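Here's the letter readout for the chains.
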Amino acid sequence: MTDKIVLYTALICPYAQRAAIALREAGVEYESVEIDLTNKPSWYKDVNPELKVPALSIKGKSIAESLVLVELANDLHPEKGLLPEDPVKRAEVRFVIEYFSSKITPLFYFVLRNMNEEGKKEYVEKITIAYKRLNELLLEQATSGPYFLGDQYSLADIAIAPFLTRVLAIQKAYLKDVKFDVIDQSPRLQQFFEGLLTRSSHADTYCGDNYLIDGFVNRWGVYDPRV
Ligand SMILES: N[C@@H](CCC(=O)N[C@@H](CS)C(=O)NCC(=O)O)C(=O)O
């Protein structure tokens, strides 16, 4: 059995980026294998029968699901403090991950499928409500950031960053005429956005806005806002 830890990933994928950030933040040494999602190798079904990324090979096992991998990275190196000790704080970290995943991430996929005036309008209305609530959740934790827990970086930031960066990339590319007042009026939210996006574990694993938009255009058939 090999000791090598292998992350099966795809640069475009926010779920896979979660795992990559978590492994880096936990200080786990690993190799990356890029899976072409448009032409998956036949052997990949033996790694993950669901044929999705991310998956991690570790100690002769293959483990899938991004949030499971984020927790695993923390369990391998709990001394890094990516989860607070207090059970209630831990629950709050898990709650904000769930909040973002259930209220904001679906809007990202919604607007990609509905890239027209009506779809964009609905997106702006709904995400404004979600940003407001996210700002409240941040302020409940700490009056200043940059991270969810204030100055302590945690699993919340890891799980949210890959989706946040993609949401903001969409807003910059496709909704550049929209003024998101809620962001302009919420310094804590702005700090959070900035803190997550500039963290090196995020910046070093993000594919970049152009690569992302190429994916939307080529794989999702969304129009190209750059031409
Ligand atoms: N619930 C999974 C979702 C993973 C997922 O949907 N990954 C996408 C790429 S972002 C995938 O591999 N889709 C299969 C495909 O594109 O064929 C997780 O959290 O890891």
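Along every chain, residues carry numbers that run from 1 in the direction the sequence is written. Thresholds applied to this predicted model are a pLDDT of at least 70 for local features of residues and 80 or more for the giving and counting of side-chain atom pairs; totals over whole chains, interfaces and linings are not thresholded and use all residues.

Think of each axis as a best-fit line through the C-alpha atoms, taken over the contacting stretch in the case of a helix, with angles from 0 to 180 degrees between the N-to-C directions. Helix and strand assignments come from DSSP, with helices taken as H or I runs of at least 4 residues and strands as E runs of at least 2, each series counted from the N terminus. Remark: helix H1 (residues 14-26) packs on helix H3 (residues 66-76), axes separated minimally by 8 Å, with the N-to-C direction vectors making an angle of 5°. It follows that H1 is roughly parallel to H3 by the angle criterion. Contacts between H1 and H3 involve Tyr15, Arg18, Ala19, Ala22, Leu23 and Ala26 on the former and, on the latter, Ser66, Leu69, Val70, Ala73, Asn74 and Leu76. The residue inventory of the contact of H1 with H3, partitioned by class, reads nine nonpolar, two polar and one charged. Orientation categories follow fixed angle ranges, with anything under 35 degrees roughly parallel, anything over 145 roughly antiparallel, 65 to 115 roughly perpendicular, and all other angles oblique. Any residue pair is listed as a contact if its two C-beta atoms, each placed from the backbone, are within 7 Å. When residues are grouped by polarity, Ala, Val, Leu, Ile, Met, Phe, Trp, Tyr, Cys and Pro land in nonpolar, Asp, Glu, Lys and Arg in charged, and all others, Gly among them, in polar.

Turning our eyes to something else, we now look at the packing of helix H4 (residues 87-113) against helix H5 (residues 117-141). The contact between H4 and H5 brings their axes to 9 Å, and the two run at 165°. As far as their axial angle goes, H5 and H4 are roughly antiparallel. Viewed along their axes, H4 and H5 form a crossing whose handedness is left-handed. Contacts between H4 and H5 involve Glu92, Val96, Tyr99, Lys103, Ile104, Leu107, Phe110 and Val111 on the former and, on the latter, Gly119, Lys120, Tyr123, Lys126, Ile127, Ala130, Leu137 and Gln141. Here the contact of H4 with H5 is composed, by residue class, of ten nonpolar, two polar and four charged. Crossing handedness: left-handed means the near helix sits turned counterclockwise from the far one by under a right angle, and right-handed means the same turn made clockwise.

Moving on to the UniProt feature "domain: GST N-terminal" (unreviewed entry) in the protein chain. UniProt positions are given in the numbering used here, feature names are shortened, and annotations may be inferred rather than shown by experiment. The positions that UniProt labels "domain: GST N-terminal" (unreviewed entry) are, in the present scheme, residues 3-81. Taken end to end, residues 3-81 comprises 35% helix and 20% strand; its first and last C-alpha atoms sit 24 Å apart.

Turning our attention to helix H6 (residues 155-174). By this rule, a helix spans an expected 1.5 Å times one less than how many residues it contains. For H6, with 20 residues, the first-to-last C-alpha span of 29 Å sits near the 28 Å given by 1.5 Å per residue. Two axes are fitted around each residue, one to the seven residues ending there and one to the seven starting there, and the angle between them is reported as the bend at that residue. A maximum bend of about 40° is found in H6 at Ala161, where proline Pro162 lies one to four positions downstream. H6 sits mainly inside the fold: 14 of its 20 residues count as buried. To assign burial, the other C-beta atoms lying within 10 Å of each residue's own C-beta are counted, with C-beta atoms placed from the backbone; 20 or more indicates buried, 12 or fewer indicates exposed, and intermediate counts indicate partly exposed.

Position of Leu212 relative to the elements: it lies in helix H10 (residues 209-220). Spatially, the C-alpha atom of Leu212 lies 18 Å from that of Ala159, the residues being 53 residues apart in sequence. Once residues lying within four places of it in the same chain are set aside, the contact partners of Leu212 are Ile12, Arg166, Ala169 and Cys207.

Counting through the fold element by element, Tyr223 comes out in the segment after H10. Look at Tyr223 and you get exposed, because 11 C-beta atoms sit within 10 Å. Residues Tyr223 and Ile213, ten residues apart in the sequence, show an inter-C-alpha distance of 9.2 Å.

The next thing to look at is the UniProt feature "domain: GST C-terminal" (unreviewed entry) in the protein chain. Here the UniProt-annotated "domain: GST C-terminal" (unreviewed entry) positions come out as residues 86-216. End C-alpha to end C-alpha, residues 86-216 measures 41 Å, and it is 76% helix and 0% strand.

The sheet built from four strands is open, its strands ordered S2-S1-S3-S4 with mixed pairing. Each edge of the open sheet carries a strand with a single partner, namely strand S2 (31-34) and strand S4 (61-64). Across this sheet, the average inter-strand angle for adjacent strands is 25°, counted without regard to direction. The pairing of strand S3 (residues 55-58) with S4 spans four bridges and is classified as antiparallel. Residue pairing across strands places Ile58 opposite Lys61, the latter belonging to S4. Lying on the sheet, H1 is in contact with strand S1 (6-9) and S3; it crosses S1 at an angle near 155°. We treat two strands as partners when DSSP finds at least two bridges between them.

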